Amino acid sequence: MPELVLAVLKYFFLLLIFLFLVRAVRAMYLEILGPRASRQQSRPAGTPRIPARTGRPPDKVTVTPADGKAMTYDISEELLIGRDSKCQIPITDSYASTIHARIFKRDNAVLIEDMGSTNGTFLNRKKLSVPAAVSRGDKARIGRTELEFKK
C-alpha cells in the first residue's frame with residue numbers, strides 16, 4: 001500500500017510542476033504581447049460616451065518620479081506611459097508596467113486610460129477602470145510617479 005501512495009504523490013507533484021510551468025510561460029507571453037486594451041482604438045458599439053469635464057483640457061503634463069526630477073511633456077494626439085522604450089513618457093518606476101497607461105485626445109477633451117496594468121492607474125486618488133477625462137490641475141499616479149496636468 002505505501003508504494004501506491006508514493007506513486008500517487010509522485011504524479012501529483014509532477015502535475016503541480018507542470019501547472020506552474022504553464023502559468024509561468026503564459027505570464028511571460030502576456031508580458032511580451034503587451035496590453036490588450038491598446039489594440040482597438042475605436043469605441044466598441046454600445047460603449048457610452050465619456051462625459052466631458054467642466055474644466056479646461058490641459059496642454060501639458062508634468063511627470064515627477066519618486067527621485068523628484070520632474071519633466072514636462074506637451075500633450076499631443078497620444079502619449080504612452082511606461083517602462084518600454086517605445087513609450088513617449090518613459091518611467092523607471094518598478095510598479096509601472098511595460099505599457100502602463102496612455103493620454104490621448106478625443107472630442108476636444110484629454111483622457112487618460114489604464115492599459116491593463118497590474119498595479120493600476122489612479123486619477124485624483126480614484127482607480128481608473130475606464131478612460132477618464134482630465135482637466136487642468138488634475139493629478140494622476142502610476143506607482144510612485146505623479147503626473148500633474150497643466151496649461
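Everything discussed here concerns the structure shown above.
Residues numbered from 1 in each chain as written. Predicted model: local features only at pLDDT ≥ 70, side-chain atom pairs only at ≥ 80, totals over all residues. Heavy atoms only, no water.

Engineer: What should I look at first to understand the side chain of His100 in this one?
Structural biologist: Structurally, the position occupied by His100 is in the loop between strand E4 (89-90) and strand E5 (101-106). Taking relative accessible area as the criterion, His100 reaches 0% and is therefore assigned buried. Among the polar contacts made by the side chain of His100, one reaches the side chain of Thr121 at a distance of 3.2 Å. Other than its neighbours up to four places away in sequence, His100 contacts Ile81, Gly82, Tyr95, Glu113, Asp114, Met115, Ser117, Gly120, Thr121 and Ile142. (Helix = DSSP H or I, 4+ residues; strand = E, 2+ residues; numbered from the N terminus. Buried < 20%, exposed > 50% of the residue type's maximum accessible area, 1.4 Å probe, protein only. Polar contact = N/O pair within 3.5 Å; in protein donor to acceptor, adjacent residues only side chain to side chain. Contact = heavy atoms within 4.5 Å.)

Engineer: Just checking my understanding: could you explain unusual backbone geometry for this structure?
Structural biologist: Glycine aside, negative phi is the norm for most residues, and most peptide bonds take the trans geometry. With phi around 60°, Asn108 is a residue other than glycine that occupies positive phi space. Secondary-structure assignment places Asn108 in the loop between E5 and strand E6 (109-114). A positive phi angle is found at Asn124, which is not glycine, with a value near 50°.

Engineer: Just checking my understanding: could you explain the side chain of Arg102 for this structure?
Structural biologist: Within the secondary structure, Arg102 sits in strand E5. We classify Arg102 as buried; its relative accessible area is 6%. Looking at Arg102, its side chain comes within polar contact range of the side chain of Glu78, at 2.5 Å.

Engineer: Help me out: how do you make sense of the sheet that holds strand E2 (residues 71-74) in this one?
Structural biologist: Backbone hydrogen bonds are what pair the strands of a sheet, in a parallel or an antiparallel way. Within the open sheet, the 6 strands sit side by side as E2-E1-E11-E10-E7-E8. Their pairing is antiparallel. Bordering the open sheet on either side are E2 and strand E8 (126-127), each of which pairs with just one other strand. The pairing of strand E1 (residues 60-64) with strand E11 (residues 145-150) spans 5 bridges and is classified as antiparallel. Following the sheet pairing, Thr62 is matched in E11 by Glu148. (Pairing = 2+ DSSP bridges.)

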